[in-house]
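The primary structure of each chain is shown beneath.
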Amino acid sequence: MLAKVIFLFTLFLLLYSTHSDAQQAYTPNTTKKFEALTGKSLYQLIINYSHRYPQDSIAINKELENLLEEIKDKEDISMQADWFYMKTWIPIMTIDLSLYEDHIEQYRKFVTQHAKVYPYRSRLKMLEAYHGFVAGTWPQSLSAFEESYLLAKQEQDKLVEIISETLIAYISTFSEKKEEGIKKLKSILYRLDNTIDYASEIEKDIPLLQTRIIDYICRIYMLRTYEADSEVEFDGVSEIDSIVKFSRRFGKMMQYIDEPLLFPRIYCTEAFTAVLLKDYEKAQKHIDSAKFYSKGMEYPFIYYRVQADIFYGQKKYQDGIVIMEDYIELVSKVTEDSWLADEIKFLAKSHKMVGDHEKSNYYYEWFVRSNGNLDKIMDSVSRSIREKEIADFKKELDALQSENDSKSNLLRNTSRIGIPLLILLLLALLRSQILKKKKERQFEALMDRMERPSKPEETLISTSTKVSSVKEETKNAILEALTGLETQHFFLDTDCSAYNTAKKINTNTSYLSKVINEHYQKNFNGYINDLRIDYAIAKLKEDKRFRSYSIQGIAEELGYKSADSFTKYFRKRTGLLPSYYIKKLNEQE
């Protein structure tokens, strides 16, 4: 009977594995195809078109028509599906919702009729979610993004997965889960900075995704300042430090992104930071740069707000009123005035400064109404999150109840066999002692290794018959450059990603990854983690003060953002927990 059960279970796993493999094989990746055809990835095209739309809509439509003809010549269904996907997304990103219904219906009709194995469910759901996000129906948008995130993981669509996860976190910052949302955005940004898992699939898109996330983080901090008093004061240094930090990071992204049309938003964000620091001359220079790079395109919405803030800081209240009224008129065409509460409050303050109390009262009353409506939206987002948490908690309770029922049955069945249980307890105690001895031996072995003269890490490539895919001259140059970086302890930098490392040594991520894999028999992440952990082992042994740091503090010194990541890789490298290693070192003092 037992043999039969094992056989059936094994058969099930094989069938499931085959089914999963089949699904993976059907997952198309058209990124390289679009790059070959246009020089840009699909996401780069979407970003480029969205920054030119609607001012350049005639030229965009012509380019899209020509692109579709080229794609049809290739008879590639997946690329045609992505063309409809792109056409639907562009106006949504520019808050032009008038074409949404027609475009998404065209996309849905095409993929359901022609692209049966194309992973369109996550993309359709994400477009639906993005539409709700732009339209201001955030509770529904949040729910749709959660669905698109799960679907994207099933369909292995990394781009949709990251975008959905990012928007879930961003929307959450407008609820009672604000701090958790900000932490999640920073966590996503950290993953993009430090992983090579996405390199082959969305390598060109990573800088754009990083830019988008930094933009969201900056927006959050901006809104926090607008929620403060009229002089835009802060609750502490850390608040303004965060704004300056991410604004500078935003500015640095210009050297990594091949999309000048993103520069206006970056310069506007730097201008906002200068306003906070009351450096209005510098802020105006950044705004002028934003206007220059707009090149006839529509200015980012943030431009109007920051320019108005500059005028207010310079006491040019009337100029600020004019530009803010233009901004409100522009934005109110595409969204409710609930999202303009802070801008309306700005007008109330400015009219008060010029002595027009009638208009000041008018705008203040408008602000109270719009702010109340915004509070309702925020409350509905919080309620939506709470309802999901309650549903998830109920599932956990049901699972626990089911587990408890199983345990009760188990206890009833085993109550008659106390002796075997006692034996199991004794075995567990014995195992604990064995593990303790094992840890002590691992610690002693680690100390012995530290005492022995270090030798260059040997590579298995020298004895392998495998031919390197990288020229020997290039490979040696990369290895020599890496050795130089190692002596500078570059691996302790939190920005030590494959992309940034490749840039430092004048190569690309593909060559870098191949050389590290062939020479060290590990991927880039493994290479960096091993360097960090070896550095930690030595420094903890030599530096008593370093041992007094918290695990989180040590992790941050090594370039990790979390104690969990450091602990995981330390244990993988040594077989020991950092806390145990520190404890044993202190005992030897």
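Along each chain, numbering runs from 1 in the same order as the chain's sequence is written. It should be noted that, the model being predicted, local features are given only for residues of pLDDT at least 70 and side-chain atom pairs only at 80 or more, the latter also being counted only at that level, while totals for whole chains, interfaces and linings use all residues. No hydrogens and no water enter the side-chain calculation; it runs on all heavy atoms of the structure.

### Looking at the overall build of the protein chain
Then, in step 1: Secondary structure assignment for the protein chain yields 28 helices and zero strands.
Then, in step 2: Total accessible area on the protein chain stands at roughly 32,300 Å², and carbon and sulfur atoms take up 53% of it. Where helices and strands are cited, they refer to DSSP runs of H or I of at least four residues and of E of at least two residues respectively, numbered from the N terminus. All accessibility values rest on the Shrake-Rupley procedure with a 1.4 Å probe; residue burial counts only the protein chains present in the view.

### What to know about a positive patch on the surface
Then, in step 1: A cluster of basic residues, Arg431, Lys436, Lys437, Lys438, Arg441 and Lys583, forms a positive patch on the protein surface.
Then, in step 2: Top element by residues in the positive patch is helix H20 (residues 418–451). It accounts for five residues.
Then, in step 3: Considering the arrangement of structural elements, one finds Arg441 in helix H20. Nonpolar side chains (Val, Leu, Ile, Met, Phe, Trp, Tyr) are joined into patches within 5 Å and like charges within 9 Å, using only residues with over 30% relative accessible area and no salt bridge. The salt bridge criterion pairs a side-chain nitrogen of Lys or Arg with a carboxyl oxygen of Asp or Glu, the two atoms within 4 Å. Positive charges are assigned to Lys and Arg, negative charges to Asp and Glu, while His and the chain termini are left out of the count. Taken as the charge centre is NZ of Lys, CZ of Arg, CG of Asp or CD of Glu, depending on the residue.

### Considerations on the environment of Lys204
Then, in step 1: When you line up the elements, Lys204 lands in the loop between helix H11 (199–202) and helix H12 (206–226).
Then, in step 2: Linking Lys204 and Glu35, residues 169 residues apart in sequence, is a C-alpha distance of 9.5 Å.
Then, in step 3: In what follows, a contact means two residues having at least one pair of non-hydrogen atoms within 4.5 Å. Sequence-distant contacts of Lys204, defined by excluding residues within four places in its chain, comprise Glu35, Gly39 and Gln44.

### Focus on the environment of Glu557
Then, in step 1: Within the secondary structure, Glu557 sits in helix H26 (residues 551–557).
Then, in step 2: Here Glu557 falls in the partly exposed class, since its relative accessible area comes to 42%.
Then, in step 3: For the pair Glu557 and Leu492, spaced 65 residues apart in sequence, the C-alpha separation works out to 7.0 Å.
Then, in step 4: In this view, Glu557 contacts Leu492, Phe546 and Tyr549; residues no more than four positions away in its chain are not counted. Throughout, exposure labels follow a simple rule: accessible area from a 1.4 Å probe, protein chains only, divided by the maximum for the residue type, with under 20% read as buried, over 50% as exposed, and the rest as partly exposed.

### Brief notes about the packing of aromatic side chains
Then, in step 1: Centres within 6.5 Å make a pair out of two Phe, Tyr or Trp rings, where for Trp the six-membered ring is used; the pair is then stacked when the planes are under 30 degrees apart, edge-to-face when over 60, and tilted otherwise. Taken as a whole and judged by the stated rule, the model has 28 aromatic pairs.
Then, in step 2: On the numbers, 6.1 Å between centres and 75° between planes, the contact of Phe490 with Phe491 is edge-to-face. Each of the two residues, Phe490 as well as Phe491, counts as buried.
Then, in step 3: Each residue in the set Tyr43, Tyr85, Trp89, Tyr107, Tyr130, Phe133, Trp138, Phe145, Tyr170 and Tyr216 is aromatic and connected to the rest through ring pairs, giving one cluster.
Then, in step 4: By definition, being over a ring means that NZ of Lys or CZ of Arg is both within 6 Å of the ring centre and within 35 degrees of the ring normal. Against the face of Tyr312 rests Lys349, its NZ or CZ located 5.1 Å from the ring centre.

### Regarding helix H24 (residues 524–542)
Then, in step 1: How far a helix is expected to stretch is found by multiplying one less than its residue total by 1.5 Å. Taking 1.5 Å of rise per residue, the 19 residues of H24 would be expected to cover 27 Å, and the 27 Å separating its terminal C-alpha atoms lies within 8% of that figure.
Then, in step 2: Buried within H24 we find Phe524, Asn525, Tyr527, Ile528, Asn529, Asp530, Leu531, Arg532, Ile533, Ala536, Ile537 and Leu540.

### Brief notes about the nonpolar core
Then, in step 1: Counting 108 residues, the largest nonpolar core has Met86, Trp89, Tyr130, Phe133, Phe145, Ile163 and Tyr170 as its most contacted members.
Then, in step 2: The leading source of residues in this core is H12, at 11 residues.
Then, in step 3: In this structure, Phe145 is in contact with Met126, Ala129, Tyr130, Phe133, Ser164, Leu167, Ile168 and Ile171, ignoring residues within four places of it in sequence.
Then, in step 4: We define the nonpolar core as a collection of buried residues of types Ala, Val, Leu, Ile, Met, Phe, Trp, Tyr and Cys that are connected through side-chain atoms lying within 4.5 Å of one another. Listed in part, the 40 residues of the second largest apolar core include Phe443, Leu479, Phe490 and Leu540.

### Examining a negative patch on the surface
Then, in step 1: There is a patch of like negative charges on the surface, built from Glu65, Glu69, Glu70, Asp73 and Glu75.
Then, in step 2: Looking at where Asp73 falls in the secondary structure, it is placed in helix H4 (residues 57–74).

### As for the packing of helix H5 (residues 77–93) against helix H7 (residues 120–135)
Then, in step 1: Each axis is a line fitted through C-alpha atoms, and for a helix only the stretch in contact is used; angles between axes span 0 to 180 degrees, taken between their N-to-C directions. Interaxial distance between H5 and H7 falls to 10 Å at its minimum, and their mutual angle equals 10°. Taken together, the axes of H5 and H7 are roughly parallel relative to one another. Here Asp82, Tyr85, Thr88, Trp89, Ile92 and Met93 of H5 come into contact with H7, specifically with Arg123, Met126, Leu127, Tyr130, His131 and Val134.
Then, in step 2: Think of it as three bins: nonpolar holds Ala, Val, Leu, Ile, Met, Phe, Trp, Tyr, Cys and Pro, charged holds Asp, Glu, Lys and Arg, and polar takes everything else, Gly as well. Taken together, the residues of the contact of H5 with H7 break down into eight nonpolar, two polar and two charged. Relative orientations are named as follows: roughly parallel for angles under 35 degrees, roughly antiparallel for angles over 145 degrees, roughly perpendicular for angles from 65 to 115 degrees, and oblique for any other angle.

### Considering the pattern of salt bridges
Then, in step 1: One pass over the structure, following the stated rule, counts 18 salt bridges.
Then, in step 2: Salt-bridge contacts for Lys125 lead to Glu128; the nearest nitrogen and oxygen are separated by 3.2 Å. Pair noted here: Lys125 and Glu128 are both in helix H7, with a separation of three residues, about one helical turn.
Then, in step 3: Accessibility expressed as a relative area gives 37% for Glu128, which makes it partly exposed.
Then, in step 4: Here Arg573 makes a salt bridge to Asp530, at a shortest N to O gap of 3.3 Å. Taken together, the residues span a long stretch of sequence, with Arg573 in helix H27 (residues 563–574) and Asp530 in helix H24 at a distance of 43 residues.
Then, in step 5: In this structure, a network of salt bridges that share partners links the residues Lys522, Asp530, Asp534 and Arg573.

### Describing the confidence of the model for the protein chain
Then, in step 1: Think of pLDDT as the predictor's per-residue confidence, scored from 0 to 100. On average, the protein chain scores 76 in pLDDT, and the residues at 70 or more come to 71%.
Then, in step 2: Across the protein chain, the secondary-structure element scoring lowest on mean pLDDT is helix H1 (residues 2–26), at 39, and the one scoring highest is helix H9 (residues 158–172), at 91.
Then, in step 3: Within the model, pLDDT remains below 50 along residues 229–237, and this stretch shows 10 contacts once partners closer than five positions in the same chain are excluded.
Then, in step 4: For the stretch residues 455–465, pLDDT sits under 50, and the model shows 10 contacts to residues farther than four places along the chain or on other chains.

### Notes on unusual backbone geometry
Then, in step 1: In this model, Gln156 sits at a positive phi of 55°, which is unusual for a non-glycine residue.
Then, in step 2: Within the secondary structure, Gln156 is located in the loop between helix H8 (138–155) and H9.
Then, in step 3: Even without being glycine, Asn506 reaches a positive phi, approximately 60°.
Then, in step 4: Here Asn506 shows up in the loop between helix H22 (498–504) and helix H23 (509–520).

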